[in-house]
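# Architecture and fold: a report
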Amino acid sequence: MKTEKRGFVIRVLVIVSVFAFVCRQGRAAQIHPGEIWLDSSGKPINAHGGGVMVHEQTYYWYGENKEGKTWLPESNKSWDGYRVDVTGVRCYSSKDLLTWKDEGLVLKAVPEDPAHDLHPSKVVERPKVAFNPRTEKFVMWMHIDSPDYKAAHAGVAVADSPTGPFAYIESVRPEGQDSRDQTMFVDDDGKAYRIYSSENNDTTYISLLSDDWLKHSGKFVRVFEKRRMEAQVVFKRGGKYYFLASGCTGWDPNPMRSAVADSIWGPWKELGNPCTGPNADKTFFGQSTFVFPVAGRTDALIFMGDRWNKSNLPDSRYLWLPIRFEGDRLKIDWKDSWDLSVFNSNLIVQ
Ligand code: GAL
């Protein structure tokens, strides 16, 4: 090749590479609901049915590590209860909600003991973590089950550091009842609650936890009686309590539910499906899992959901969308991509 021509080719290659780099950076600086999200080492993020805890200016994302073969046990055939064997709960950390560092499995499966709640043959779902300032411990609650989902227990683990290791304590049937899909909510006064599907998924329970958050206190209410809800989320905004959930159709999507109350104990008023845009009637082909506030802004809340791929569970995706309010009513609008600038008017000026 003549020197001139070679110079031209090199210039074109440099321009193309710079353009590709800028595009990649641009994409990474956006949240793309439903696409594969990579961690800082380039691997797909693996934290399903999870939640985000904000602690000392860092976000920690905990979720089910879903890896290995997806299969359908004989006992679950009638309801498409696909599963992957339990491997543990994974944690990622981030300062900006866009770059996520893999902190590894913070709670690991226990393959050597078939009777253990964390044995690969069991079910470990919807882990949620919060920091208890009274005990200075990180507390994780999760749904523990037998492969056919008949045991229906709530499991608890504790750690000294947000990145674990979490020590598994036990699983219980709270208030003498079954407990499946679940979440945790910590109020401004430091009281913590577990919110979960009970009475065979018919009714949601809200239970106050003990001061160390490791036990159920015995104080609870039954809400949304016989409304068969799953994937519960509770958060607070402007002194009001908000609730999100799905209906009960396994891994398949259905319309999201929402509700508001002046007290965590209710009465709760249902507000209907807050989703708007394409496939809003199917929660954008997803299911709720958590809502958390963006640090450094007021009234900036992010909805977290899962888009399950039931026949290939590790390929399930994440749906994160900003929450918007019309008066007391919340709205979750579909967006192909977005970034934190949607909350720019909520910046806290120091
Ligand atoms: C969903 C639930 C998931 C998982 C699944 C099993 O409804 O929200 O966490 O338990 O059922 O089919």
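For the structure itself, look to the data block above.
A brief structural summary. (Residues numbered from 1 in each chain as written. Predicted model: local features only at pLDDT ≥ 70, side-chain atom pairs only at ≥ 80, totals over all residues. Heavy atoms only, no water.)

### Topic: the overall build of the chain
- Helix and strand content of the chain: one helix and 21 strands.
- In terms of overall size, the chain behaves like a compact globule, its C-alpha atoms giving a radius of gyration of 21 Å where 350 residues would be expected to give roughly 20 Å.
- Seen along its three principal axes, the alpha-carbon backbone of the chain occupies a region of about 85 × 50 × 40 Å.
- Counting over 350 residues, the chain shows a buried share of 51%.
- A separation threshold of at least 6 residues defines the contact pool for the chain, and within that pool the share at least 24 residues apart is 50%. (Helix = DSSP H or I, 4+ residues; strand = E, 2+ residues; numbered from the N terminus. Rg over C-alpha atoms; globule rule 2.2 N^0.38 Å. Buried < 20%, exposed > 50% of the residue type's maximum accessible area, 1.4 Å probe, protein only. Contact = heavy atoms within 4.5 Å.)

### A few points about the nonpolar core
- Of all hydrophobic cores here, the largest spans 40 residues; its most connected members are Trp-61, Phe-235 and Trp-320.
- Those elements that provide at least two residues to this core are β2 (58-64), β13 (230-237), β14 (240-246), β18 (287-293), β19 (301-307), β20 (317-326) and β21 (329-333).
- Broken down by element, this core gets its largest block of residues, six residues, from β20.
- Each residue touching Phe-235, except ones within four places of it in the same chain, is listed here: Phe-185, Lys-240, Tyr-241, Tyr-242, Leu-244, Val-291, Leu-301, Ile-323, Phe-325 and Leu-330. (Core = buried A, V, L, I, M, F, W, Y, C linked by side-chain atoms within 4.5 Å.)

### A closer look at the environment of Arg-297
- Locating Arg-297 in the fold gives a position in the loop between β18 and β19.
- Its relative accessible area of 18% is what places Arg-297 among the buried residues.

### Thoughts on the packing of aromatic side chains
- Inspection of every chain in the model, using the stated rule, returns 26 aromatic pairs.
- With centroids separated by 4.8 Å and ring planes inclined at 50°, the aromatic side chains of Trp-61 and Trp-320 adopt a geometry described as tilted. Highlighted residues: Trp-61 in strand β2 and Trp-320 in strand β20, separated in sequence by 259 residues. Both residues of the pair, Trp-61 and Trp-320, count as buried.
- Through pairs of rings, three or more aromatic residues link up here, namely Trp-37, Tyr-59, Trp-61, Tyr-92, Trp-100, Phe-292, Tyr-318 and Trp-320.
- One cation-aromatic arrangement involves Arg-194 over Tyr-196; the distance from NZ or CZ to the ring centre is 4.3 Å.
- Here Arg-237 stacks its cationic end above the ring of Phe-325, 3.7 Å away from the centre of that ring. (Phe/Tyr/Trp six-rings, centres within 6.5 Å; stacked < 30°, edge-to-face > 60°. Lys NZ or Arg CZ within 6 Å of the ring centre and 35° of its normal.)

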